[in-house]
Amino acid sequence: MIKQKEYAKRRMQLMRMAGEDSIIIVCAAPERIRNNDVHYPYRQDSDFLYLTGFREPEALLVMIPDKEGGQSILFCRDRDPEREMWDGPMAGLRGAVSEIGMDEAFAREEISRRLPPMLHDRERIYYDLGSNPVFDQRLIGWLNEFREKPRRTFHAPEEIHALDHMLHDLRLYKSRAELTVMKRSAQVAVTAHERAMQVCQPGMNESEIHAELLHTFTRNHCVPSYQAIVGGGANACILHYIANNAELRDGDLLLIDAGAEYDGYASDITRTFPVSGKYSPEQRDLYDVVLAAQLAAIEKARPGVPWQRVHDEAVHVATQGMIDLGILKLSLEQELEQEGYKHFYVHNTGHWLGLDVHDVGEYQIDGESRELEPGMVMTVEPGIYIPPNDTSVRKCFRGVGIRIEDDIVITKNAPLVLTGGLVKTADDIEALMAG
Ligand code: GLY
Ligand code: MN
Ligand code: MN
């Protein structure tokens, strides 16, 4: 669990970056209706969660920097026994101070009365316009009203700045406590993938394997960090396949891309293994190409290396491998130059990972690929997908999709593979499935 003190430190850092003459406002995620009287499971906005650890809807965080550091104020729902009978306990105003560590808390009904005066004498508002259209309107309405007041009685901010550049840069570098939580999230996903490999048999349905993943997540107090992909045979070539309802056939591979979310933090793992427990020689050949690409890319992921070079390394190794197997026909230089490999290697090799599975943080700085630094967490996930109807490729490869994905932390030396506990070589996967 991330401690109250760490949330306070994050707010302090952000307020220091924003400057004493500013004010920072962040909205909680709205609740969303799925259909009549039914909501989607509530998930707090990741920025809001990062700054507060507060998981209830209908809340607004206001941070007012000053010389001593600053003040954090939460507008939230006050406790209401009748509502708590339906929805369970709420922190309320007192809990917002004692459990969440706010300096002050007010009922959300007080926003219109209390927030506008807080804007007085502030030069800039940091707020992500567009994040909550209802609040956007209120904020702009207040600013328009201020403009009509005499300047000497009320000095309203002139500017609204996006908050995300500063905040998302903080979120990109994970603290020790965050890494502890992410290790747990990774471990639960590892266990879920192991179980999926162990129970898989020809004739089962993708849905049964999906259920095994959810079983492990739920038992371990996790939710899926995204909709799991359980794609047998050519379904593995559908990159966002989530139907997960086809029969698993002897001789096919099964691609599972599934991650857990623990205490808000995501893991994201992909493995591709034989439904029967044994790769065919050609499946194994292609598998080994993707694995070699992934290992080479992980090896490259060190401080000072531009993000893009990790991808380039994976592409390089995968392209040579596809040439060796006759899937690509030109020389390495020609394939790279003409980007022929993109026919089969269609996505990027990774992304930042954290509170969001595709976590925030810039990938480029001043038009250049960003250099990796210790504390960043990312996935490394090369994939090769041969369309089922591609007659330019030998039949044995058609409809085969293989991706291998792990989560890594950049350290001073070799990266730490958070998901390294999960079998990955063809031999190790076969051995686990045989056991
Ligand atoms: N599961 C989402 C991704 O791999 O990016
Ligand atoms: Mn991923
Ligand atoms: Mn994934």
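Residues numbered from 1 in each chain as written. Chains lettered and ligands numbered in written order. Predicted model: local features only at pLDDT ≥ 70, side-chain atom pairs only at ≥ 80, totals over all residues. Heavy atoms only, no water.

Participant: Go over the side chain of His-155, please, and point to the residues and values.
Facilitator: As for its position among the elements, His-155 is in the loop between α6 (133-147) and β8 (159-161). For His-155, the residues in contact, after removing those within four places along its chain, are Leu-119, His-120, Asp-121, Arg-122 and Glu-123. (Helix = DSSP H or I, 4+ residues; strand = E, 2+ residues; numbered from the N terminus. Contact = heavy atoms within 4.5 Å.)

Participant: For the layout of surface pockets, give the residues involved together with the corresponding values.
Facilitator: Taking a probe equal in size to a water molecule and rolling it over the atoms shows the remaining empty space. By volume, the largest pocket is sized at about 740 Å³. Pro-41, Tyr-42, Arg-43, Val-223 and Glu-261 are the residues nearest the centre of the largest pocket, which is lined by 25 residues in total. At the level of secondary structure, the elements contributing two or more residues to the lining of the largest pocket comprise α9 (206-219) and β9 (223-224). Class assignment for the residues of the lining of the largest pocket results in 14 nonpolar, 5 polar and 6 charged. (1 Å grid on protein atoms, 1.4 Å probe; cavity = no way out; pocket = protein on both sides within 12 Å on 5 of 7 lines; lining within 4 Å. Points joined across faces, edges and corners; volume = space filled by probe spheres on them. Nonpolar A, V, L, I, M, F, W, Y, C, P; charged D, E, K, R; others polar.)

Participant: Describe the site of ligand 1, listing the residues and the values that go with them.
Facilitator: Ligand 1 sits among Tyr-226, Asp-257, Asp-268, His-351, His-358, Glu-381 and Glu-405. A distance of 3.0 Å separates an oxygen atom of ligand 1 from a polar side-chain atom of His-351. Take Glu-381: an N or O atom from its side chain is 3.1 Å from an oxygen atom of ligand 1. Expressed as a share of its isolated accessible area of 200 Å², the protein-covered part of ligand 1 is 82%. Of the residues assigned to the shell around ligand 1, the class counts are 1 nonpolar, 2 polar and 4 charged. (Near = heavy atom within 4 Å. Polar contact = N/O pair within 3.5 Å; in protein donor to acceptor, adjacent residues only side chain to side chain. Areas by Shrake-Rupley, 256 points an atom, 1.4 Å probe, with all protein chains shown as cover.)

Participant: Can you tell me about the coordination of the manganese ion (ligand 3), naming the residues and giving the values?
Facilitator: Bound to the manganese ion (ligand 3) on the protein side are Asp-257 (OD), Asp-257 (OD), Asp-268 (OD) and Glu-405 (OE), at distances that span 2.0 to 2.4 Å. One way to put it: the 6 donor atoms around the manganese ion (ligand 3) meet at angles of 57 to 169°, and that makes the site irregular. In primary sequence terms, the donor set of the manganese ion (ligand 3) follows D-x10-D-x136-E. Separation of the manganese ion (ligand 3) from the manganese ion (ligand 2) amounts to 3.3 Å, with Asp-268 serving as a shared donor to the pair. With Asp-268 in the loop between β13 (265-266) and β14 (269-274) and Glu-405 in the loop between β19 (401-403) and β20 (406-409), this pair connects stretches of sequence that are 137 residues apart. In this structure, Asp-268 and Glu-405 share a single accessibility class: buried. (Donors = N, O, S within 2.8 Å, 3.2 Å for Na, K, Ca; no water. Tetrahedral: all angles 85-135°; square planar, octahedral: opposite > 155°, others 65-115°. Buried < 20%, exposed > 50% of the residue type's maximum accessible area, 1.4 Å probe, protein only.)

Participant: Run through the coordination of the manganese ion (ligand 2), naming residues and quoting values.
Facilitator: At this site the manganese ion (ligand 2) is bound by Asp-268 (OD), His-351 (NE2), Glu-381 (OE) and Glu-405 (OE), with donor distances of 2.0 to 2.2 Å. Between the 6 donor atoms coordinating the manganese ion (ligand 2), the angles at the centre fall across 51 to 155°, so the site counts as irregular. Counting gaps between the donor residues of the manganese ion (ligand 2) yields the pattern D-x82-H-x29-E-x23-E.

Participant: Residues and numbers for empty space enclosed by the protein, please.
Facilitator: Inspection of every chain in the model, using the stated rule, returns 1 cavity of 30 Å³ or more. The calculated volume of the largest cavity comes to roughly 40 Å³. Counting residues per element, the ones that place at least two in the lining of the largest cavity are α11 (307-324) and β17 (377-380). Considering each element in turn, the lining of the largest cavity owes the most residues, 3 residues, to α11. Looking at the lining of the largest cavity, its residues break down into 3 nonpolar, 5 polar and no charged.

Participant: Could you give an account of the environment of Ala-28, naming the residues involved and the relevant values?
Facilitator: Looking at the element boundaries, Ala-28 is found in the loop between β1 (22-27) and β2 (33-35). Ala-28 sits in the buried class, given a relative accessible area of 6%. As a C-alpha pair, Ala-28 and Gln-338 span 310 residues in sequence and 46 Å in three-dimensional space. The residues touching Ala-28, leaving out its near neighbours within four places in the chain, are Tyr-42, Gln-44, Asp-45, Phe-48, Glu-56, Glu-58, Ala-59 and Asn-132.

Keep in mind these numbers describe shape, not what the thing actually does.
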